[in-house]
Amino acid sequence: MQNPHDHFELHNYPNGLRLITVPMEHTESVTVLVMVATGSRYEAKEINGISHFLEHMMFKGTTKRPKVSEISLELDSIGAEYNAFTSKEYTGYYVKCAAEKLDTAVDVISDIFLNSKLDAQEIEKEKGVVIEELNMYLDTPTRYVHDIFEELLYGDQPLGWQVVGTKEVLYRLRRDDFKRYFDTHYFDKNTVIAVAGRIETPKTKNLIQNSFAGIRDSNRLEALAVKEAQDRPTLRVFNKKTDQTHYALGFRAFSYFDDRHETANLMSLILGGGMSSRLWQEFREKRGMAYYVRALNETYADSGYFGINAGVDNGRLEEALEVSLGQCRRLAEEKIPEAEIKKAKDYARGKMAISLESSDDLASFYADQELLKHEVMTPEQRLARLEKVTADDVQAVAKEIFRPERLNLALIGPFEENDAAINKIIESW
C-alpha cells in the first residue's frame, strides 16, 4: 500500500484546528488540503446552495490579494493544480504544487480561508457561472438521476436538497448571506487540514500554526438528523424525451458509522467491481444492454443506501430493472462462493493502491476520515476490516436491505410515474 517509510501524524492545535501530515519519500510534490465540515445538509432552505456558491467565491480575492485574478496568477506562476469541491457533508480546498513551493501554497490557501472579500459585485457576476453549472447538471442525466434519487429518498429536508441549490434561491442570495455563512461555518473546530508529500513534519506543523493563527473560533456544528419513513417501494420519474433511460435503483442501507457498511461496500464490488463483476457480465457481455452499469454503497453520517445505476435503451428498461433486482435477490438467496469473495477483496486492495499513489490522493484519504468520522486509519487498517467480511455476512446484509419497504427507483426518460409496467416490477419485488 503506502511506502513503509511513509506514515501519518494527527496534530491537534489548542484551538481545535486539526492537522494531518503525511510525509512521502517518493514524490516531488506536496498537497495542502483544507476540509470544512459543512455542505448542503448544513443549510437552511432559504439559502440552499450557498455552501457550493461560497466555494466559488473563495477564489475571487482577499484583503491581501484584492484583485480577482491575483490568486490564480500566483498559483499559476508556480505551476500549481488547485480547485475546490462541495458535497452534502463537506467542502474542500486544495493546492498541489512542487514541494519547494509549500510556503506559497499555504500562504494562499490560508489567505482564502481567513480573508476572502466576498465582493457583492463579484457575487452577482458569479451567479451566471453557478447557474450555468446547474444547467449543465440538469442536462447530464448520468448525474442528475442521482439527485432525483436522493430527493425521492430524503424528501424536503437538507439531505434531500441539491448541493448546487435552485435557480430561485441562487438569484436571491446577497453578500450578507455569504458573510454570515462564511463566519459561522469556517472556523477552527470545524476544520481539518492535511498536508501530504515531500515535507518535514515539524516544519509543516509550525507553518500551518502560523499561517492559520487568525482563524475564527467557534464550537463544532452538527447537522440536523435525517428523518426516514418508508413502508413500500417508491418511484420518481423525470419525464424527458431521451434516446436512453438512466435509472438509479436503490435500497435504504447504513451510515458510515455502522460496521455493516463494510459488508455493503464488498457487495458493491461483487455486483459492479470491474468487467468481471456480476452486473457487467449480465448487462454488457451477455445482453449488450448498457454502456455503463455500476453498483454503489453511498453513506452519510446517519443514513445510507445501496444502489445500482445504468443507462439503457428506452425499450429495454423493464428488462434492465428485472436483471438488477434479480441480482440483488440472488445475493440474498445464494451464498457467495469464496473465490468470488476473494476476488472482490483483491480488487479493493488493488484499487486502493492505485488511488493512493499521489500526494493529493493521500491528503484526501486521511482528511476525509478525520473530518467525518473522527477516526483515522491507514489503508492497511481499512482493508483489514474489509478482509474480515465473510460470505455469511454478505448474505445476511443482503437479506436485511433488499426488502420492498427499502426499495426506491428514480429514472430519467420518456415515462410517467403511473407507468403500469414499471410500477408492477417494483411493487412485485
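Residues numbered from 1 in each chain as written. Predicted model: local features only at pLDDT ≥ 70, side-chain atom pairs only at ≥ 80, totals over all residues. Heavy atoms only, no water.

### Side note on the overall build of the chain
Step number 1: Each helix and strand in the chain was counted, giving 16 helices and eleven strands.
Step number 2: Computed over the C-alpha atoms, the radius of gyration of the chain is 23 Å, within 12% of the 22 Å expected from 2.2 N^0.38 for a compact globule of 429 residues.
Step number 3: The C-alpha extent of the chain, read off along each of the three principal axes, is 60 × 50 × 35 Å.
Step number 4: Of all 429 residues assigned to the chain, the portion counted as buried reaches 56%.
Step number 5: Sequence-distant contacts, at least 24 apart, represent 81% of the contacts inside the chain between residues at least 6 apart.
Step number 6: By element, 49% of the accessible surface of the chain is carried by carbon and sulfur atoms, the whole surface being about 18700 Å².
Step number 7: Here the chain carries 55 positive and 70 negative side-chain charges, and the mean point of each set is 1 Å from the other. (Helix = DSSP H or I, 4+ residues; strand = E, 2+ residues; numbered from the N terminus. Rg over C-alpha atoms; globule rule 2.2 N^0.38 Å. Buried < 20%, exposed > 50% of the residue type's maximum accessible area, 1.4 Å probe, protein only. Contact = heavy atoms within 4.5 Å. Areas by Shrake-Rupley, 256 points an atom, 1.4 Å probe, with all protein chains shown as cover. Lys, Arg positive; Asp, Glu negative; His and termini not counted. Charge placed at Lys NZ, Arg CZ, Asp CG, Glu CD.)

### Quick look at the side chain of H56
Step number 1: Looking at where H56 falls in the secondary structure, it is placed in helix α1 (residues 50-57).
Step number 2: Residue classification places H56 among the buried residues on the basis of a relative accessible area of 14%.
Step number 3: At 2.9 Å, the side chain of H56 and the side chain of E126 are in polar contact.
Step number 4: Of note is the side chain of H56, whose polar atom sits 3.0 Å from the side chain of E133. (Polar contact = N/O pair within 3.5 Å; in protein donor to acceptor, adjacent residues only side chain to side chain.)

### Quick notes on the side chain of T191
Step number 1: Residue placement: T191 occurs in strand β6 (residues 191-197).
Step number 2: A relative accessible area of 0% places T191 in the buried class.
Step number 3: Each residue touching T191, except ones within four places of it in the same chain, is listed here: L17, R18, V34, M35, V36 and F113.

### Overview of the pairing of β6
Step number 1: Most of β6 is tucked away, with seven of its seven residues classed as buried.
Step number 2: Neither face of β6 is exposed, since T191, I193, V195 and G197 on one face and V192, A194 and A196 on the opposite face are all buried.
Step number 3: Across six bridges, the pairing between strand β2 (residues 18-23) and β6 is parallel. Pairing of T21 across the sheet is with V195, part of β6.
Step number 4: Alignment of strand β3 (residues 29-36) against β6, held across seven bridges, turns out to be antiparallel. Bridge pairing in β6 links V32 to V195. (Pairing = 2+ DSSP bridges.)

### Some words on the packing of helix α3 (residues 102-115) against helix α8 (residues 201-211)
Step number 1: Relative to each other, α3 and α8 sit at 30°, their axes nearing to 10 Å. Comparing the axis directions of α3 and α8 gives the class roughly parallel. Considering how the two elements wind past one another, α3 and α8 form a crossing that is right-handed. Mapping the contact onto sequence places L102, D103, V106, S110 and L114 in α3 and T204, L207, I208 and S211 in α8.
Step number 2: By residue class, the composition of the contact of α3 with α8 is five nonpolar, three polar and one charged. (Axes fitted to C-alpha atoms, helices over the stretch in contact; angles between N-to-C directions. Parallel < 35°, antiparallel > 145°, perpendicular 65-115°, else oblique. Left-handed = near helix turned anticlockwise from the far one by under 90°. Nonpolar A, V, L, I, M, F, W, Y, C, P; charged D, E, K, R; others polar.)

### Considering the confidence of the model for the chain
Step number 1: The pLDDT averaged across the chain works out to 96; a share of 99% of its residues lies at or above 70.
Step number 2: Per-residue pLDDT stays below 50 along residues 1-5; that stretch engages in 14 contacts with residues further than four places along the chain or on separate chains. (pLDDT = per-residue confidence, 0-100.)

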